[in-house]
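Architecture and fold: a report
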Amino acid sequence: MAPLQPLVTVNLGVRSYPVYIGNGIIFETGRLARDVGLRGQAAIITDETVDQFYGSALRESISQAGFKASLHRVPAGERSKSFAVLETLTESLARAAVDRQAFVVALGGGVIGDLAGLVAAIYRRGLPYIQVPTTVMAQVDSAVGGKTAINLAAGKNLVGSFHQPRLVVTDTSTPKTLGVREWNEGFAEIIKYGIICDPSLFEQLERSTPPLAELVKRCVEIKAGFVERDEQERSGERALLNFGHTVGHGLEAAAGYGTLLHGEAVSLGMRAAALISMRRAGLQTAEATRIQRLLERYSLPTRLTLNLPPSRILEKILSDKKFIGGKIRFVVIPRLGAAQVTDEVGKEDLEWAIASLAE
Ligand SMILES: NC(=O)c1ccc[n+]([C@@H]2O[C@H](COP(=O)([O-])OP(=O)(O)OC[C@H]3O[C@@H](n4cnc5c(N)ncnc54)[C@H](O)[C@@H]3O)[C@@H](O)[C@H]2O)c1
Ligand SMILES: [Zn+2]
């Protein structure tokens, strides 16, 4: 068979890895894992829904490449990013005699990527892993960058590690089987890239929707750039990717994990961040309105219809983020296509923006 070319490479010195993007390439997973030098048995981690659709294709590809494999399934959804499921999973790997030569395969959306990545980071003090993302969200965002995590009641992603995958295999035909909500939520992150650094992507989405493979490539290139410049979010550069996430994560935790999908919460969070940007960074009202319209074009929520007291949302934000002298580090946009971190945002700005979401 003809060799596949990686479409994007994430350049991180010895931790560099290729991202393959294409229709039907899930069937090449085993061969690509061999190509990046993986040798031992494969521990496939997935959820029950994804397993039904793509489990057998993946297992076939892995075994055809000569790997022995074990399968470890968790319930679908955000609630699986928990200590309880992390424990069950690692016990399951141990029972299957997954050893230090093995590698982990994360087959699924962002929940599976974050969870399986964390398993790979800590099981037997660390195994290599590969990402096989199956949601729009995971393909354009979470499968790349090496952030792994589970949630605490106090807040999203509060326990985790940086652990880069060795390979990403993105089959852009797999999201076809997503539900409408799950498809749309992925566009929250695509729109986010447009807002923070790619105004032409933003304008393109205002006109029509490019094919998924094109969007994935563009977003992965953007994300790879941020990750290459600031792998562990130390300089503040990678933090710009958190635009909309302070309020978004607060909403996810306050509503109860899984009530709002991550992209839905980020959509609301981006509207709040746009409002705060009008107050604190000089964003024009017309541009804030364009952001709201584009989110609505992808059926993403911009109004909070859940019966959630603002104080509860704020409480989650306060337990997640450090407030120094009543101020928080917050990503704002002075205009479309530019983002920066500021220390000028206070509790009352957040209260006002959250209240505006409910109007
Ligand atoms: N690590 C990162 O950098 C990063 C970035 C963005 C988001 N995230 C995390 O990702 C998570 C959200 O990811 P998600 O939105 O992909 O959620 P998810 O993994 O829960 O997937 C959404 C739903 O779609 C189902 N599903 C997945 N693929 C399918 C397919 N091809 N066909 C049919 N159904 C399918 C799943 O079973 C699930 O029910 C959040 O926890 C978020 O914090 C992490
Ligand atoms: Zn996100």
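Scroll up for the structure.
A few points on the structure. (Residues numbered from 1 in each chain as written. Chains lettered and ligands numbered in written order. Predicted model: local features only at pLDDT ≥ 70, side-chain atom pairs only at ≥ 80, totals over all residues. Heavy atoms only, no water.)

Here's the deal with the packing of aromatic side chains
Per the stated rule, a full pass over the model turns up four aromatic pairs. Each ring, one from F67 and one from F103, has its centre 5.0 Å from the other, and the planes form 75°; the classification is edge-to-face. Of the two residues, F67 sits in the loop between helix 2 (48–64) and strand 4 (69–74) while F103 sits in strand 5 (residues 103–108), which places them 36 residues apart along the sequence. Each of the two residues, F67 as well as F103, counts as buried. For the ring pair F187 and Y298, a centre distance of 4.6 Å and an interplane angle of 5° mean the geometry is stacked. Of this pair, F187 sits in helix 6 (residues 180–197) while Y298 sits in the loop between helix 11 (285–297) and helix 12 (310–320); the two residues are 111 residues apart in sequence, bridging distant segments of the chain. R34 extends its terminal NZ or CZ atom over the ring of F67, reaching a point 3.9 Å from the ring centre. Geometry around W352 places R279 over its ring, the cationic atom sitting 4.1 Å from the centre. (Phe/Tyr/Trp six-rings, centres within 6.5 Å; stacked < 30°, edge-to-face > 60°. Helix = DSSP H or I, 4+ residues; strand = E, 2+ residues; numbered from the N terminus. Buried < 20%, exposed > 50% of the residue type's maximum accessible area, 1.4 Å probe, protein only. Lys NZ or Arg CZ within 6 Å of the ring centre and 35° of its normal.)

What about the pairing of strand 10 (residues 327–335)?
Of the strand pairs in this sheet, strand 10 and strand 11 (residues 338–346) are connected by six bridges, and their pairing is antiparallel. Residue pairing across strands places R335 opposite A338, the latter belonging to strand 11. (Pairing = 2+ DSSP bridges.)

Focus on the packing of helix 12 against helix 13 (residues 347–357)
Contact geometry of helix 12 with helix 13 gives a least axis separation of 10 Å together with a crossing angle of 135°. The angle between helix 12 and helix 13 falls in the class oblique. Every pair of crossing elements has a handedness; the one defined by helix 12 and helix 13 is right-handed. Of the residues in helix 13, those touching helix 12 at P310, I313, L314, I317 and L318 are K347, L350, E351 and I354. Considering only residue class, the contact of helix 12 with helix 13 consists of seven nonpolar, no polar and two charged. (Axes fitted to C-alpha atoms, helices over the stretch in contact; angles between N-to-C directions. Parallel < 35°, antiparallel > 145°, perpendicular 65-115°, else oblique. Left-handed = near helix turned anticlockwise from the far one by under 90°. Contact = heavy atoms within 4.5 Å. Nonpolar A, V, L, I, M, F, W, Y, C, P; charged D, E, K, R; others polar.)

Focus on helix 3 (residues 83–95)
Here helix 3 is 13 residues long and its end C-alpha atoms lie 18 Å apart, about the 18 Å a rise of 1.5 Å per residue gives. For helix 3, every residue scored as buried is listed here: V85, L86, L89, T90, S92 and L93. An end-on view of helix 3 places all buried positions within 155° of arc, on one side of the element. Away from its buried face by more than 90 degrees, helix 3 exposes E87, T88 and R95. Elements in contact with the buried residues of helix 3: strand 3 (42–47), strand 4, helix 4 (110–122) and strand 7 (147–152). (Expected span 1.5 Å × (residues − 1). Arc of directions from axis to C-beta.)

Notes on the side chain of Q139
With respect to the helices and strands, the residue Q139 is situated in helix 5 (residues 136–142). Side chain to side chain, Q139 and T174 meet in a polar contact 3.4 Å long. Excluding residues within four positions of it along the chain, Q139 makes contact with P133, T134, T170, D171, T172, T174, P175, L212, V216 and V220. (Polar contact = N/O pair within 3.5 Å; in protein donor to acceptor, adjacent residues only side chain to side chain.)

Overview of the pattern of salt bridges
Following the criterion strictly, the structure yields 20 salt bridges and no others. Across the pair K81 and D114 runs a salt bridge, and its minimum N-O distance is 2.8 Å. Taken together, the positions of K81 in the loop between strand 4 and helix 3 and D114 in helix 4 put the pair 33 residues apart, joining distant regions of the chain. The exposure class of K81 is buried, given its relative accessible area of 4%. (Salt bridge = Lys/Arg side-chain N within 4 Å of Asp/Glu carboxyl O.)

Focus: the site of ligand 1
As a structural note, the neighbourhood of ligand 1 is formed by 28 residues, with E78, T135, K156, T177 and E185 the closest of them. Side-chain polar atom of K81 to an oxygen atom of ligand 1: 2.8 Å apart, as the coordinates give it. At a separation of 2.3 Å, an oxygen atom of ligand 1 approaches a polar side-chain atom of E185. Only helix 2, helix 4, helix 5, strand 8 (155–162) and helix 6 provide two or more residues apiece to the shell around ligand 1. When residues of the shell around ligand 1 are assigned to their parent elements, the largest contribution, four residues, is made by helix 2. Across the shell around ligand 1, the residue classes break down as seven nonpolar, 10 polar and 11 charged. (Near = heavy atom within 4 Å.)

Considerations on the coordination of the zinc ion (ligand 2)
Only E189 (OE), H245 (NE2) and H262 (NE2) from the protein coordinate the zinc ion (ligand 2), and they sit 1.9 to 2.1 Å from it. Sequence spacing of the donor residues for the zinc ion (ligand 2), all on one chain, is E-x55-H-x16-H. Note that E189 is positioned in helix 6 and H262 in helix 10 (residues 262–280), a separation of 73 residues in sequence. (Donors = N, O, S within 2.8 Å, 3.2 Å for Na, K, Ca; no water.)

Overview of the pairing of strand 9 (residues 167–171)
Counting buried positions along strand 9 yields five of five residues, so the element is predominantly enclosed. Burial of the side chains of strand 9 extends over both faces: L167, V169 and D171 are buried on one face and V168 and T170 on the other. For strand 2 (residues 17–22) and strand 9, the ladder comprises four bridges, and the chain directions are parallel. Counterpart to I21 in the pairing with strand 9 is T170. Examined bridge by bridge, strand 6 (residues 129–133) and strand 9 share two bridges and lie parallel to one another. Across the sheet, I130 pairs through a bridge with L167, a residue of strand 9.

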